[in-house]
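Structural description and commentary
Now for the letters of each chain:
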Amino acid sequence: MDYVILAAGLGSRFQKEGEKAPKPLVRLMGQPMIGRLVKILASCNAGVIHIVANSRMPELVEYLSELQKEVDVPLVVRPIISDNSYYSLSEAAAGLKGKFIGMTVDAIFANDEFRRYVEAVEAMPDGSVLMGLTRFVDDESPLYARMSAEGEVVDYRYGGEPFAEGTIVSAGLYGLSAEAMKTAAGVRYPESLSDFQRVLAAETDIKVLSFEFSKALDVDCGHDREVAEAFLREVNGETEVK
């Protein structure tokens, strides 16, 4: 399984709190969050890990170069400058064939659930995608999903109120394929990663299947980090790396 990590964001909320490190290097459980994530993916049947990094973060590119010495999985780093998260995804996934899993650098999940998700993506039918969802909402503006009676995602809405069918949101984990990327871009060029998901669900014939995580979250500020670390200690038994 190939993986794509989106790590091009500056982490503006962390910066406002006085954090000097770029977001991918903010420490989580005592280690840079991107290093922690790469090591998890390396243990989950990884073929290649593709990382899109902000070219204005030379310290991140340098860190990833050193990290490559610690993991056996190839890291393909693509430095870019972009404010469009879909563009970041498409750049990181350029040249990929078949299935892969994309995620943002701050994706937090239970490792056992994630391994089951990887197996489900590997088994998903051709012509479909498998999006991670959760009913745990800990975001001011979540990406709500609208579900069909058959359990497929048929639409997304960013912020505001949930759909009448129930409250379920994107978990920030995307089981995709090169074919799905091409199909969505052929409809129209997405304005963002959330818009890309809406294009897939509401504007193409692709089946957007769902995999529900009991809890998944992201880390945008110091409070989020505290919540995430408590969660990781509980579900994964993680301890802080010294």
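The paragraphs below set out a description of the structure included in this document.

A look at the pairing of strand E8 (residues 128-134)
- Buried residues dominate E8, accounting for seven of its seven residues.
- Residues of E8 alternate between two faces, with Ser128, Leu130, Gly132 and Thr134 on one and Val129, Met131 and Leu133 on the opposite face, all of them buried.
- Note: E8 against strand E11 (residues 169-177), four bridges, orientation antiparallel. Looking across to E11, one finds that Thr134 is bridged to Val169.

Side note on the pairing of strand E5 (residues 75-80)
- With six bridges joining them, strand E4 (residues 49-54) and E5 adopt parallel strand pairing. Residue Ile49 lies in a different strand from E5, and its bridge partner there is Leu75.
- Once the chain exits E4 it traverses helix H3 (residues 58-67) before rejoining the sheet at E5, and the crossover so formed is right-handed.

Details of the environment of Glu119
- On the secondary structure map, Glu119 appears in helix H5 (residues 111-123).
- Exposure remark for Glu119: the relative accessible area of 52% places this residue in the exposed category.
- It is 23 Å that separates the C-alpha atoms of Glu119 and Ser90, two residues lying 29 residues apart in sequence.

Procedures and definitions
- Residues numbered from 1 in each chain as written.
- Predicted model: local features only at pLDDT ≥ 70, side-chain atom pairs only at ≥ 80, totals over all residues.
- Heavy atoms only, no water.
- Buried < 20%, exposed > 50% of the residue type's maximum accessible area, 1.4 Å probe, protein only.
- Helix = DSSP H or I, 4+ residues; strand = E, 2+ residues; numbered from the N terminus.
- Pairing = 2+ DSSP bridges.
- Right-handed = clockwise from strand over helix to strand, strands pointing away.

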